Amino acid sequence: MKTLKSNVRLLALAVLTLLMAIGFTSCDENPETVTQTQILPESFGVDIPSSISNNNFVVNGRQGGRTEEDLSGNAIYEGLSFFILIGEGSAELIQELMSGIRQFDLQNLRLVTYVSDDDGSEKTLTVQENVEFEGKVWEYFLNVDDVGENGGTAMQIFWNNDPVEGIAILNPFNIDRNGDVDAGDAMYRIDYYENSPVAGYDAHMEVRISNLPPEEGDQFSMRSMRMFVGKTGDIVDIFGNSSHPDAVLISEDNEQGIGWAFVASGNDLLNIGVAEVGLPPATLNEDSRSVLLEDYSIKNVFENEIQAEFGGAIPQDILDAYLVNTNAPGFFNSDGFVQAETAPSSEWDGLALRINDLSPYNPLEITNLEIAFK
């Protein structure tokens with residue numbers, strides 16, 4: 001019952017380390033080439049307020065006076081901020097890779113071969129126009145392959161420039177084959193759109209991650225996630241799920257795993273946020289907001305598992321100690337998670353109302369999520 005926070009911390013560090021370790025060094029192969037007509041979009045992601053995409057927990061190891069070993073509502077809300085951070089980091093990674101590509105004159109480029117400084121493996125970069133993918137014709141398509149022994153596709157980007165929209169898919173191991181061999185099947189995908197009338201935001205993105213390898217000794221290893229982020233003005237809405245198929249809170253008999261199902265809204269200017277989290281089984285085939293966030297609320301799941309573990313005989317004061325900060329919603333500021341249930345001030349009221357219109361994805365669909373190249 002005392003491993004949740006430390007395991008979430010290790011998971012966040014592991015995935016963020018993987019993201020930071022990915023290199024794309026084609027810029028070094030031809031540093032004097034300057035793009036004459038830039039056809040790559042300037043932006044390919046949505047920034048998330050640091051209040052709800054926060055690494056203070058990883059750095060400090062303590063929050064709210066509790067140790068990192070506690071099973072608590074704090075740990076669930078703080079864990080959420082790191083899963084959001086992982087999703088945002090994936091989008092930022094795409095931006096970094098695209099920055100590396102910008103030095104090429106893609107308007108005139110069709111094929112270039114280079115050797116990566118990171119893994120010493122030969123790569124090819126090709127650009128095509130008017131390519132169909134998922135029932136849509138894209139103005140441009142960029143493909144990067146690792147052509148070394150046992151290589152494969154490293155990255156594909158499909159995009160249009162008016163309006164800006166695109167899909168980026170990558171395999172980290174084929175970008176840098178010095179990475180973790182066990183992560184060879186891990187895939188990342190970012191869908192990005194500006195001024196989409198369908199979503200109703202100035203810009204929005206979807207982040208998907210699949211087939212992350214389990215971390216040895218970490219039952220809370222995240223295997224997959226899907227997260228939507230929409231921004232208009234200073235307001236950012238977020239919803240999604242992460243899947244942890246080996247996770248257990250209390251009962252070791254749980255064979256269904258756990259899904260972090262979440263909705264959140266943040267104010268970029270004030271750097272505050274509000275979130276609601278549910279802990280449904282990772283295998284639950286359900287998309288009802290009331291089921292995912294209310295029936296499987298943090299408080300309900302904690303209380304049910306604790307009562308079952310103690311045969312209903314746990315003293316009320318001990319039960320209450322475990323249920324601190326398990327009520328919804330959770331409130332965040334620039335330092336991360338603050339408290340649950342009661343807003344610190346009226347500044348959070350509008351955000352608390354917004355999350356009522358947001359709903360997570362079906363947990364089973366996230367657990368079974370697969371990402372594939374064209």
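Above: the structure in question.
Per chain, the residues get numbers from 1 upward, laid out in the order the sequence is written. Local features in this predicted model are restricted to residues whose pLDDT is 70 or higher, and side-chain atom pairs enter the listing and the counts only when it is 80 or higher, whereas totals over whole chains, interfaces and linings include all residues. Heavy atoms throughout the structure, all of them, feed into the side-chain values; hydrogens and water do not.

### Structural notes on the nonpolar core
Part 1 of the argument: Residues belong to a common nonpolar core when they are buried Ala, Val, Leu, Ile, Met, Phe, Trp, Tyr or Cys residues joined through side-chain atoms within 4.5 Å. Only protein chains enter the accessibility calculation, which uses a 1.4 Å probe; a residue whose area is less than 20% of its type maximum is buried, one above 50% is exposed, and one in between is partly exposed. The biggest cluster of nonpolar side chains holds 67 residues, and the ones touching the most others in it are Met227, Ile238, Trp260, Val277 and Leu279.
Part 2 of the argument: Only DSSP runs of H or I with at least four residues qualify as helices, and only runs of E with at least two residues qualify as strands; both kinds are numbered from the N terminus onward. Looking at which element gives the most residues to this core, the answer is helix α3 (residues 73-101), with 10 residues.
Part 3 of the argument: With residues near it in sequence (within four places) discarded, isoleucine 238 still touches Ile48, Ile52, Ile84, Met227, Phe228, Val229, Phe262, Val263, Ala264 and Leu358.
Part 4 of the argument: By size, the runner-up hydrophobic cluster in this structure holds 15 residues, among which are Phe228, Val263, Val274 and Leu293. Note on definitions: a residue-residue contact is assigned when non-hydrogen atoms from the two residues lie within 4.5 Å.

### Remarks on the packing of aromatic side chains
Any aromatic ring pair is given by two values, namely how distant the centres are and how the planes are angled relative to each other.
Part 1 of the argument: Each aromatic pair joins two rings of Phe, Tyr and Trp (for Trp, the six-membered one) with centres within 6.5 Å, and gets the label stacked for planes under 30 degrees apart, edge-to-face for over 60, and tilted for any other angle. Across all of its chains, the model carries 11 aromatic pairs by this definition.
Part 2 of the argument: With a centroid separation of 5.0 Å and an interplanar angle of 10°, the aromatic rings of tyrosine 77 and phenylalanine 337 are classed as stacked. Taken together, the residues span a long stretch of sequence, with tyrosine 77 in helix α3 and phenylalanine 337 in strand β13 (residues 336-340) at a distance of 260 residues. Note on accessibility: tyrosine 77 and phenylalanine 337 belong to one class, buried.
Part 3 of the argument: Each member of the aromatic cluster is reached from another via a ring pair, and the members are Phe133, Trp138, Phe141 and Phe158.
Part 4 of the argument: It is arginine 226 that lies over the ring of tyrosine 361; its NZ or CZ is 4.2 Å from the centre. Two thresholds decide whether a charge sits over a ring: the Lys NZ or Arg CZ must be within 6 Å of the ring centre and within 35 degrees of the ring normal.

### Some remarks on the pairing of strand β5 (residues 164-170)
Part 1 of the argument: Within β5, seven of the seven residues are buried, which leaves the element mostly enclosed by the surrounding structure.
Part 2 of the argument: Neither face of β5 is exposed, since Val164, Gly166, Ala168 and Leu170 on one face and Glu165, Ile167 and Ile169 on the opposite face are all buried.
Part 3 of the argument: As paired elements, strand β4 (residues 153-161) and β5 share seven bridges and run antiparallel to each other. Note that in β5 the partner of asparagine 161 across the bridge is valine 164.
Part 4 of the argument: Connecting β4 to the antiparallel partner β5 that follows it, the hairpin turn spans two residues.
Part 5 of the argument: At least two DSSP bridges between two strands are required for those strands to pair. Relative to strand β6 (residues 187-196), β5 is paired through six bridges, and the arrangement is antiparallel. Within β6, the residue paired with isoleucine 167 across the bridge is aspartate 191.

By themselves, these figures tell us nothing about what the structure is for.
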